[in-house]
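# Reading the structure
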Amino acid sequence: MTDAPAAGPSSATKMPMPGPDVRLAAAGASQWKDVWRQFRTHKGAVLGATFLVLVTLFCILGPWIWRVDPGDLDVRNKDLRPIYHALWDSGAKVAWAHPLGSDNLGRDLLASLIAGGRVSLAVGWTAMLLSMVIGTLVGVLAGYFWRLDGVLMRFTDLVLALPLLPLLLVMMLLFRDSLRAAFGPEMGIFLLIVTGIGITSWMNTARIVRGDVLALKEREFILAARSIGTPARRMIPRHILPNVMSSIMVSATLGLASAIITESALSFLGLGFPSDFPTWGKLLFDSTDRMADFPERVIWPGLAISLTVLSVNYIGDGLRDAFDPRIRGR
Amino acid sequence: MLTFTIRRLVLAIPTLLFIALVIFLLLDMAPGDPMADQPLTIPPEVREEMRRALGLDQPVYVRFGLWLYQFFVVEPLVVIDHLFGTAYSAGQARVISWQFKSPVMDIIVQRLPQTLWVVGSAYMLGVLIAIPIGIVSAVRQYSVFDQIGTFISMVGFSVPTFFTGVLLIVIFSVNLGWFPSIYDTQLRVTDWSSFGQQVRQMALPVFVLALFNAAQISRYMRASMLDNMTQDYVRTARAKGMDERTVVLRHVLRNSMIPVVTVIALGVPSVFGGAIITEQVFKVNGLGALLITAINANDLPMVQTLTFIFAVLIVLFNLVADVLYGILDPRIRYD
């Protein structure tokens, strides 16, 4: 968390803080520093954040440190076991050239994990950002303009009643070929998956944000801002958005976790990225046929997905506690 | 309450019609051709004739209207005929699957038992595990049991079912050989040994789904119990001298169950959706597997009907949740 967003909320809550939160004013700190202090006391969240940063660094910097192309076919060294197998099975086929082993075409598992992680994380973050933008937009519009409220919320309810996973699968099938032709095989599928996940996961954010905005509209500082004639286009970015940021961030963590899972589920069902293009879900799916002989090829990508999602969920838990003024400061 | 239910049921009709339309229009854009699997030697005019026989030359609204008529009029008539031996549906065209060349509903009825058995028992088991765990975690908040329970439930809904499933197959069917990894749909339960076989083959998929569901529900249960534990009526009950057991199980539990029951009702349709993946992992020949094969085979009537059935389930269980909430909590008044 940087200091950059700190300017927003502090200016929005410049009026004296009500109640017992004197300590906050005494510290002269912004709300965000306080949230950060509370966040650090949540052990799971700190561990989760550390792990997420490490995984992200591993995926971003990985190709520079481990300079093996994931698509490289090293057929001489195919079907290698991971190096640690030599510990209990001295006859195992291992090589330092492929520390986590290689698949039936001799592709390096470590390099595939790095490349797959880049795609999975990129899909997760982009899809989450898209769904947050849509959700916040719908939520703020519905909460702030009562004319739009009925229409937008009925629409949200309708989308919530759609069977989303089947529809997502159908969307993959429908638009795969046309987008592949327009943007190339990788970019096309990336756009399709990100858009698909984004437009099927914004509804909860919209509902939460709308509820928060409705509650905010009753507060005095909004009334004050309105009485000096602040128009909606200034009111929303300056006073509304900074104050619903906490709910958005909590639901963003949930969104990131579910986007990563949905992407790997799509890949697992064979309707995600093309087969020569590794993602964590794809690696897992491709290895299930021979998992009896090579369990590590299933376990490593599976662990990567699970631990990433677990750490994101813990971050969400920590953020929720940190933003909750009833818990904060205890 | 009755008027509320009726009003919601009436309101559900336009919702469902709209959803059916959305699905239909989406599928209408599908690039696939139902004639693609026919031999290339068929002359173009015969091919055109076959397309006409499938009704593909009609405009969108006619095809949508026909599907609606078939789904809402013909299929119920078939059910009535089947039950009472009448012949109302004789000569009426039903929704025909393009890949199986037989009525969609017949295939769905064949596949339904597998899904219901596996998914249904998994959900029941999940609920049965989750509620006691949630209660104990809340009563002994921050105890070792609570910490472990919270951690397991966190893991339970963070680890995707396709990974838990695959992991369990590696451990229990490959290495230990206790359970089969593939669900045998042909198995008929006739005696104790085949019953044991059925239980063994259901064990892994049921466990995977039950863990996932229990993880979510136990967290709701714990949160709801904790909300109630600090209420005034609990202090009153304790002040009256009731023992802790009565306070928790009689007073707190009953009040905490209200939101949890609605969460359980709301979760039922999403279980059918989530089961798509579990069915794929364990090769259960159920509705989820049917949907995946239909999507891959470009069988649009099948995809349309199945997706719509999922939508009906969602709308229905939303309604059930609302009604249950009103029945269980007399403070809620919808009228």
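For every chain, the first residue of its written sequence is number 1, and the numbers climb from 1 along that sequence. Here chains are named by letter from A upward and ligands by number from 1 upward, in the order in which they appear as written. For this predicted model, a pLDDT threshold of at least 70 governs which residues receive local features, and a threshold of 80 or more governs which side-chain atom pairs are given and counted, while totals over whole chains, interfaces and linings are taken from all residues. The basis for every side-chain value is the complete set of heavy atoms in the structure, and neither hydrogens nor water enter the calculation.

## Re the overall build of chain A
Stated precisely, the cut-off is as follows: In this description a helix means any DSSP run of H or I spanning at least four residues, a strand means any run of E spanning at least two, and both kinds are numbered starting from the N terminus. Residues are treated as being in contact if the distance between any of their heavy atoms lies within 4.5 Å. Accessible surface is estimated by sampling points in the Shrake-Rupley manner with a 1.4 Å probe; for residues, cover comes only from the protein chains shown.
In terms of regular secondary structure, chain A is built from 13 helices and zero strands. Reading the secondary structure of chain A in the N-to-C direction produces α-α-α-α-α-α-α-α-α-α-α-α-α. For chain A, long-range pairs separated by at least 24 residues make up 72% of all intrachain contacts whose partners lie at least 6 apart in sequence. Summed over all atoms, the accessible surface of chain A reaches about 16100 Å², with 64% contributed by carbon and sulfur.

## Comments concerning the overall build of chain B
The condition that has to hold: A 1.4 Å probe rolled over the protein chains alone gives each residue an accessible area, and that area as a share of the maximum for its type sets the label: buried under 20%, exposed over 50%, partly exposed in between. Only four residue types enter the charge count: Lys and Arg as positive, Asp and Glu as negative, with His and the chain ends excluded. Charge positions are represented by NZ for Lys, CZ for Arg, CG for Asp and CD for Glu.
What chain B contains, in helices and strands, is 11 helices and zero strands. Along chain B, helices (α) and strands (β) appear in the sequence α-α-α-α-α-α-α-α-α-α-α when read from the amino end. In terms of overall dimensions, chain B has C-alpha extents of about 85 × 60 × 40 Å along its principal axes. Out of the 335 residues belonging to chain B, those deemed buried represent 45%. Partitioning the intrachain contacts of chain B with sequence separation of at least 6 by distance along the chain shows that 70% fall at a separation of at least 24. Looking at chain B as shown, the accessible area adds up to about 17500 Å², and 66% of this sits on carbon and sulfur atoms. One way to put it: in chain B the 23 positive side-chain charges average out to a point 11 Å from where the 22 negative ones average out.

## Regarding the interface of chain B and chain A
Rules: Summed over both partners, the accessible area (1.4 Å probe) lost when two parts come together is defined as the buried area. A pair is scored as a salt bridge if a Lys or Arg side-chain nitrogen falls within 4 Å of a carboxyl oxygen belonging to Asp or Glu.
If you look at the interface, chain B gives 39 residues, while chain A gives 36 residues. For the pair chain B and chain A, the two sides together bury roughly 3400 Å², of which 85% comes from carbon and sulfur. Counting the surface chain B buries against chain A, the share from its top three residues, Phe 162, Phe 163 and Ile 295 of chain B, is 18%. One salt bridge in this structure joins Asp 317 of chain A and Arg 219 of chain B, with 3.3 Å as the shortest N-O distance.

## Side note on the confidence of the model for chain B
Residues and elements named next belong to chain B. Short version of the rule: Each residue gets a pLDDT score, which is the predictor's confidence in that residue and runs from 0 to 100.
This prediction gives chain B a mean pLDDT of 82; 95% of its residues lie at or above 70. Element-level pLDDT for chain B is lowest in helix 2 (residues 44-53), with a mean of 76, against a maximum mean of 88 in helix 8 (residues 232-239). At the level of chain-chain contacts, confidence expressed as ipTM amounts to 0.81, with global pTM at 0.83.

## Points about the packing of helix 5 (residues 109-144) of chain A against helix 13 (residues 295-323) of chain A
Residue and element names in this part refer to chain A. Quick reminder of the rule: To get an axis, fit a line to the C-alpha atoms, keeping to the stretch in contact for a helix; angles then go from 0 to 180 degrees between the N-to-C directions. Note that the term roughly parallel is reserved for angles under 35 degrees, roughly antiparallel for angles over 145, roughly perpendicular for angles of 65 to 115, and oblique for everything else. For a crossing to be left-handed, the near helix must be turned anticlockwise from the far one by less than a right angle; the clockwise case is right-handed. Side-chain classes are defined by residue name, with Ala, Val, Leu, Ile, Met, Phe, Trp, Tyr, Cys and Pro counting as nonpolar, Asp, Glu, Lys and Arg as charged, and the others, Gly among them, as polar.
Relative to each other, helix 5 and helix 13 sit at 30°, their axes nearing to 11 Å. As judged from the angle between their axes, helix 5 and helix 13 are roughly parallel. Between helix 5 and helix 13 lies a crossing of right-handed hand. Across the interface between the two elements, Leu 109, Leu 113 and Leu 121 from helix 5 touch Glu 296, Arg 297, Trp 300, Pro 301 and Thr 308 from helix 13. When its residues are assigned to classes, the contact of helix 5 with helix 13 shows five nonpolar, one polar and two charged.

## Description of the UniProt feature "transmembrane region" (unreviewed entry) in chain B
Residues and elements named next belong to chain B. Basically, it comes down to this: UniProt positions are given in the numbering used here, feature names are shortened, and annotations may be inferred rather than shown by experiment.
Feature annotation in UniProt assigns "transmembrane region" (unreviewed entry) to the following positions: residues 115-139, 151-178, 257-277 and 308-328. Here residues 115-139 runs as 100% helix and 0% strand, with 36 Å between its end C-alpha atoms. When the span residues 308-328 is considered, its composition is 100% helix and 0% strand, and the gap between its end C-alpha atoms is 30 Å.

## Structural notes on the side chain of Gln 304 of chain B
On the secondary structure map, Gln 304 of chain B appears in helix 11 (residues 300-328). Setting aside chain neighbours within four positions, we find Gln 304 of chain B in contact with Ala 20, Ile 23, Phe 24, Leu 27 and Trp 67 of chain B.

## Notes on the environment of Trp 98 of chain B
The residue Trp 98 of chain B is located in the loop between helix 3 (60-84) and helix 4 (104-139) in this model. Between the C-alpha atom of Trp 98 of chain B and that of Glu 49 of chain B, which follows or precedes it by 49 residues, the distance is 16 Å.

## Quick word on the UniProt feature "transmembrane region" (unreviewed entry) in chain A
Residues and elements named next belong to chain A. Feature annotation in UniProt places "transmembrane region" (unreviewed entry) on residues 45-66, 122-146, 158-175, 187-209, 240-261 and 298-316, given in this structure's numbering. Structurally, residues 122-146 comprises 96% helix and 0% strand, and the distance from its first C-alpha atom to its last is 36 Å. For residues 187-209, the end-to-end C-alpha separation is 31 Å, with 87% helix and 0% strand making up the annotated structure.

## Some details on helix 10 (residues 220-227) of chain A
Residue and element names in this part refer to chain A. In plain terms, the rule: The directions considered for the arc are those from the helix axis to the C-beta atoms.
Looking at helix 10, one finds that the buried residues are Phe 221, Ile 222 and Ala 225. The buried side chains of helix 10 occupy one side of the element, clustering within an arc of 105° when seen end-on. Helix 10 presents Glu 220, Leu 223 and Ser 227 as exposed residues on the side facing more than 90 degrees away from its buried surface.

## Notes on the environment of Pro 242 of chain A
Residues and elements named next belong to chain A. Following the sequence through the fold, Pro 242 ends up in helix 11 (residues 232-268). Using a relative accessible area of 15% as the deciding quantity, one classes Pro 242 as buried. As for Pro 242 and Leu 191, which are separated by 51 residues in sequence, their C-alpha atoms are 29 Å apart.

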